[in-house]
Amino acid sequence: MDNIKVDIDINPEYTMMKTLPNGLMLSQEQIEILNQYNIDYLSCKSLNELIYKIDTVYDETNDDVLNNLLDVLSERDYYENYNK
């Protein structure tokens, strides 16, 4: 059996959450996805509002990248904002 080596470039600056001027916390990776779809994340006052905007664009595109982002942000919104 052959050993396969895979080099993975880990860039914490790309994946680490940063607090934006509007109070949202997003990674550079998430910001790039939002920019790619022209989603104005800086006008959002909450994670829930951002999720709504992403969902609207997702309904038009059915893009897996947006669906993935929706899953991640929805899960985070649930854990940060709902009492258990």
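Residues numbered from 1 in each chain as written. Predicted model: local features only at pLDDT ≥ 70, side-chain atom pairs only at ≥ 80, totals over all residues. Heavy atoms only, no water.

### What to know about helix α2 (residues 28-36)
The periodicity of an α-helix, 3.6 residues per turn, causes residues three or four places apart in sequence to face the same way. Inspection of α2 places Gln30, Ile31, Ile33 and Leu34 among the buried residues, and these make up the whole buried set. Projection of α2 onto a plane perpendicular to its axis shows the buried side chains occupying an angular sector of 160 degrees, all on one side. Residues of α2 that are buried make contact with β2 (25-26), α3 (47-61) and α4 (64-81). Of the residues one or two after α2, Asn38 is the one with positive phi, at around 55 degrees. (Buried < 20%, exposed > 50% of the residue type's maximum accessible area, 1.4 Å probe, protein only. Helix = DSSP H or I, 4+ residues; strand = E, 2+ residues; numbered from the N terminus. Arc of directions from axis to C-beta. Contact = heavy atoms within 4.5 Å.)

### A short note on the pattern of salt bridges
Scanning the entire structure with this criterion turns up one salt bridge. Ionic pairing is found between Glu80 and Arg76, a salt bridge with its closest N-O pair at 3.0 Å. Placement of both Glu80 and Arg76 in helix α4 is noted, with a separation of four residues, approximately one turn of the helix. (Salt bridge = Lys/Arg side-chain N within 4 Å of Asp/Glu carboxyl O.)

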